[in-house]
Amino acid sequence: MDIGVISMRYARALLKSATDAKQEDTVYQEMMTVAKSYIDVPALRQTIDNPMLSKDKKEALLQVAAGEQPSALTKSFISLVLKEDRENMIQFMANSYITLYRKQKNVIRGKLITAARVSVATEQKMRQMVESKTNGTVEFETEVNPDIIGGFILEYDTFRMDASVKSKLNNILNTLKK
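Notes on the structure follow. Small disclaimer: the values here were computed from a predicted structure and weren't measured.

This part is about the packing of helix H2 (residues 24–40) against helix H5 (residues 72–83). Contact geometry of H2 with H5 gives a least axis separation of 9 Å together with a crossing angle of 50 degrees. By the angle between their axes, H2 is oblique relative to H5. On the side of H2, the interface is formed by Val27, Glu30 and Met31, while H5 contributes Leu73, Thr74 and Phe77. Here the residues of the contact of H2 with H5 are counted per class, giving 4 nonpolar, 1 polar and 1 charged.

Encoded structure:
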């Protein structure tokens, strides 16, 4: 069976259970932690995929990957995944859960790139602007990139506003070349 289909089924079941238990936000944070753990620690995948490692050790490892004190729902989900021998897909299940949660809660990811660190007030204004345009909640991330010289780049959903000095200078250069 297809990894995407399986992971989506498990993620839907987890989201339904979490919503029924009113723990979807907690499980969302834990699935974000699991997904980040797989990215930050590449050896985690190899360890979980190792058939010589006992299910108990895999379960303990995955619970640690879910955060300091994972919820009972996340613990039982990990147990179920291990019982069904689907532990090699848990990263995909976590990512599928994140996607489904964001769709259900109308959460949009946004990113603000600036040449220098911006104040909290400026970041909040940008977040409010994106929220008013999208009618949703925004998970906002800021990044400092001195290469853009000045101005900012704002990205959310499929929208990108590039008001950086670097892009303006490149536009002027391209116009002069023509």
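After presenting the structure, the write-up continues.
A separate point is the pattern of salt bridges. This structure, assessed with the given rule, holds 13 salt bridges. One salt bridge in this structure joins Lys55 and Asp85, with 2.3 Å as the shortest N-O distance. Residue Lys55 is located in helix H4 (residues 55–65), and its partner Asp85 is located in the loop between H5 and helix H6 (90–105); the two are separated by 30 residues in the primary sequence. By sharing partners, the salt bridges in this structure join Lys55, Lys58, Asp85 and Glu87 into a single network.

The phi dihedral of Lys22 falls on the positive side, at around 55 degrees, and the residue is not glycine. With respect to the helices and strands, Lys22 occurs in the loop between helix H1 (3–20) and H2. With phi around 70 degrees, Ile149 is a residue other than glycine that occupies positive phi space. Positionally, Ile149 belongs in the loop between strand S2 (137–144) and strand S3 (151–156). Since its relative accessible area comes to 53%, Ile149 is described here as exposed.

Below, the discussion takes up the environment of Met89. Of note, Met89 is situated in the loop between H5 and H6. Taking the C-alpha atoms as reference, Met89 lies 9.8 Å from Tyr10; in sequence the two are 79 residues apart. Sequence-distant contacts of Met89, defined by excluding residues within four places in its chain, comprise Ile3 and Ile6.

Another aspect to go through is helix H7 (residues 120–134). For the α-helix, the turn length of 3.6 residues means that residues three or four positions removed from each other point alike. Compared with the 21 Å implied by 1.5 Å per residue over 15 residues, the 21 Å span of H7 between its first and last C-alpha is a close match. Taken together, the buried residues of H7 touch strand S1 (107–114), S2 and S3. Among the residues trailing H7, Asn135 stands out with phi positive, at a value near 55 degrees.

For the rest of this paragraph, the subject is the pairing of S3. Sheet topology places S1 next to S3; 5 bridges connect them, and they run antiparallel. Its bridge partner being in S3, Gly110 is matched across the sheet by Tyr156. Sheet topology note: the S3/strand S4 (residues 159–164) ladder contains 6 bridges and is antiparallel. Of the residues in S4, the one forming a bridge with Gly151 is Ser164. Where S3 folds back onto S4 in an antiparallel hairpin, the turn is made up of 2 residues, including Asp157, whose phi is positive at roughly 50 degrees.

Once that is clear, we can look at the layout of surface pockets. In this structure, the largest pocket occupies an estimated 180 Å³ of space. Lining the largest pocket, in full, are Met32, Ala35, Lys36, Ile39, Asp40, Asn95, Ile98, Arg102, Arg109 and Glu139. Taken together, the elements giving at least two residues each to the lining of the largest pocket come down to H2 and H6. Taken together, the residues of the lining of the largest pocket break down into 4 nonpolar, 1 polar and 5 charged.

Definitions and limits used
- Residues numbered from 1 in each chain as written.
- Predicted model: local features only at pLDDT ≥ 70, side-chain atom pairs only at ≥ 80, totals over all residues.
- Heavy atoms only, no water.
- Axes fitted to C-alpha atoms, helices over the stretch in contact; angles between N-to-C directions.
- Helix = DSSP H or I, 4+ residues; strand = E, 2+ residues; numbered from the N terminus.
- Parallel < 35°, antiparallel > 145°, perpendicular 65-115°, else oblique.
- Contact = heavy atoms within 4.5 Å.
- Nonpolar A, V, L, I, M, F, W, Y, C, P; charged D, E, K, R; others polar.
- Salt bridge = Lys/Arg side-chain N within 4 Å of Asp/Glu carboxyl O.
- Buried < 20%, exposed > 50% of the residue type's maximum accessible area, 1.4 Å probe, protein only.
- Expected span 1.5 Å × (residues − 1).
- Pairing = 2+ DSSP bridges.
- 1 Å grid on protein atoms, 1.4 Å probe; cavity = no way out; pocket = protein on both sides within 12 Å on 5 of 7 lines; lining within 4 Å.
- Points joined across faces, edges and corners; volume = space filled by probe spheres on them.

So far we have only geometry, and geometry alone does not tell us how the molecule works.
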